[in-house]
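# What the coordinates show
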Amino acid sequence: MKQLIDKLYETNNLSPEEYKELIDNRNPELAEYLLEKARAVRIENYGHDVYIRGLIEFTNHCRNDCYYCGIRKSNQNAERYRLTKEQILECCSAGYDLGFRTFVLQGGEDGYFTDDKIIDIIRSIKTSYPDCAVTLSMGEKSYEGYRAFFDAGADRYLLRHETADAEHYRKLHPESLSPDNRKQCLYNLKNIGYQVGCGFMVGSPFQTTECLVQDLLFIKELNPHMVGIGPFIPHHGTPFANKKAGTLELTLFLLGIIRLMLPDVLLPATTALGTIHPKGRELGILAGANVVMPNLSPVNVRHKYLLYDNKICTGDEAAECLCCMRNRMESVGYHVTVSRGDHKSIL
Ligand code: 5AD
Ligand code: FES
C-alpha cells in the first residue's frame, strides 16, 4: 500500500482501482505515511503559511431542499435572516482591520438577492477594498449571472459538487437538482475565469468508496484551485437527522490524498472538521490543508446559519475567533498570514 502512496506522490495520480485499494485498506500506519508526505508537499508549496478567508454568511433563505442541510427550505424551524448591503460592508470593514484580505459571501439560494443586487454588493466591496479578493458561494446560477458577477469584480467561486456519483447525488437531493447541472456550473465558472473550488462531504449518507473514487477522479479532471471537504454532520431538522456523521480519520486521509493529487491546491481545514473534533482544524492543517475560514458574520445571526448541529464559532466575535485561530495554528507550528492568498497559478 505504501507503494501506492509513493506513486501518488510522484505522479499526482492513481487509477480508480488504486484509489479504491488505498482507501479500503487504510490503517493508522498507512495514514501516518500518507499525511507525512502530504505535509511535506504542502510545506514545499506554501511553507508554514495559513491563509485566512473571512466568511460572511449573508442569507440563510434557500429555495433548495437538500436532505442533509439545516437551512433547507422545508426546515420550518430555521430562523431566517438576510444581511443588508450595509451590514455586509460592516463585516468587511471589521474584517479588513483584523487582516482579512479575502471575503467569502456565502448564502443559500435566495431569490431576494437578484443578480443585480449581488453585482451591486460585489462592486461596493471591490471599490472600498481593491486589494481584497471577493469569493462567492451562493449556489447554482446561470452562465450569464456568473459572468456578470465576474465582470463586477468577483475573483473566486466555491460550489461544492457534493458527490460526483450521479446515483449518490440523487439520494442526497430532491429531483429538482441535477448532478449534471452541478458539474456544468463548475465548468462554466472555470471557463469564465474564476478561481474555482469544488468539494464534497465525507461520510454523507449512502456514500461508498466507489463514490469517493468518483469524487477524486472528478477533482482531478476539473483541476480546481480549491477543494473544500469536511465531514457530514447530521442536523436534527432534516431527513438525515438520524444518520451517522463522517469521521475525522477518513476526512484527514482524504485531505492527504487530495494534497498529493493537486500539490498546490488551496485546501481548507473546515469548520465541520473543527466541529467533530476539538483539534480537527489543527489536524487538518497537519494533513496538508493550508486555509481556514473564520466567521465574520454578525454575532446575532451566527446561530441561525446552522447547516449542521453543534457548529462551532457561533458565539465569538470575529476578533476573538481570529485570535483563537492564530493560537491554534501557532500551536502546531503554522502561521496565519495577512494576504489575499491566491492560488500559485495566479500572479
Ligand atoms: N454536514 C456537513 N456539511 C454540510 N453542508 C451542508 N449541510 C451539511 C451537513 N449537514 C456543506 C455542503 C455545502 C456547504 C456549504 O456546507 O457541502 O456545500
Ligand atoms: Fe472561531 Fe476558535 S476559531 S472561536
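Described in the following lines is the structure provided in the data block.

Cut-offs applied
Residues numbered from 1 in each chain as written. Chains lettered and ligands numbered in written order. Predicted model: local features only at pLDDT ≥ 70, side-chain atom pairs only at ≥ 80, totals over all residues. Heavy atoms only, no water. Helix = DSSP H or I, 4+ residues; strand = E, 2+ residues; numbered from the N terminus. Buried < 20%, exposed > 50% of the residue type's maximum accessible area, 1.4 Å probe, protein only. Pairing = 2+ DSSP bridges. Contact = heavy atoms within 4.5 Å. Axes fitted to C-alpha atoms, helices over the stretch in contact; angles between N-to-C directions. Parallel < 35°, antiparallel > 145°, perpendicular 65-115°, else oblique. Left-handed = near helix turned anticlockwise from the far one by under 90°. Expected span 1.5 Å × (residues − 1). Core = buried A, V, L, I, M, F, W, Y, C linked by side-chain atoms within 4.5 Å. Right-handed = clockwise from strand over helix to strand, strands pointing away.

By secondary structure assignment, the location of phenylalanine 103 is in strand β3 (residues 102–107). With relative accessibility at 0%, the residue phenylalanine 103 sits in the buried group. Once the C-alpha coordinates of phenylalanine 103 and alanine 152 are considered, the two residues, 49 residues apart in sequence, prove to be 15 Å apart.

Pairing is parallel across the open sheet formed by 3 strands, whose spatial order is β8-β1-β9. The open sheet has two edge strands, β8 (291–292) and β9 (335–337), and neither has a second partner. Two elements, strand β1 (residues 49–52) and β8, share 2 bridges in a ladder whose sense is parallel. Across the sheet, the residue bridging to isoleucine 52 is valine 292, located in β8. In the packing of helix α14 (residues 318–331) onto the sheet, the strands contacted are β1, β8 and β9, and the crossing angle to β9 comes to about 135 degrees.

Okay, the packing of helix α5 (residues 115–128) against helix α6 (residues 143–151) next. Across the interface, α5 lies against α6 with an axial gap of 9 Å and an inter-helix angle of 20 degrees. One finds that α5 runs roughly parallel with respect to α6. Considering how the two elements wind past one another, α5 and α6 form a crossing that is right-handed. In contact with Asp115, Ile118, Ile119 and Ile122 of α5, α6 contributes Gly145, Ala148 and Phe149.

The end-to-end C-alpha distance of helix α8 (residues 179–192), which contains 14 residues, comes to 20 Å, matching closely the 20 Å that a straight helix rising 1.5 Å per residue would cover. Within the span of α8, buried status applies to Pro179, Arg182, Cys185, Leu186, Asn188, Leu189 and Ile192. Positive phi appears at glycine 193, one or two residues downstream of α8, with a value of about 120 degrees.

What follows is about the nonpolar core. Leu136, Tyr194, Leu254 and Ile257 are the most contacted members of the largest nonpolar core, which totals 97 residues. Looking at this core element by element, the count peaks at 10 residues for helix α10 (residues 248–261). Non-local contacts of leucine 254, meaning those with residues more than four positions away in its chain, are made with Ile23, Phe200, Val202, Leu212, Leu216 and Ile229. One finds Tyr46, Leu55, Val104 and Leu266 within the second-largest nonpolar core, a separate group that totals 8 residues.

This brings us to the pairing of strand β4 (residues 133–137). The buried fraction of β4 is high, at 5 of 5 residues. Burial of the side chains of β4 extends over both faces: Ala133, Thr135 and Ser137 are buried on one face and Val134 and Leu136 on the other. Strand direction decides the pairing type here: β3 and β4, joined by 5 bridges, are parallel. What sits directly across from phenylalanine 103, in β4, is valine 134. Taken together, β3, α5 and β4 form a β-α-β motif whose crossover is right-handed. Where β4 and strand β5 (residues 156–158) come together, 2 bridges link them in parallel fashion. Its bridge partner being in β5, leucine 136 is matched across the sheet by tyrosine 157. Once you follow β4 into α6 and on to β5, the crossover reads as right-handed.

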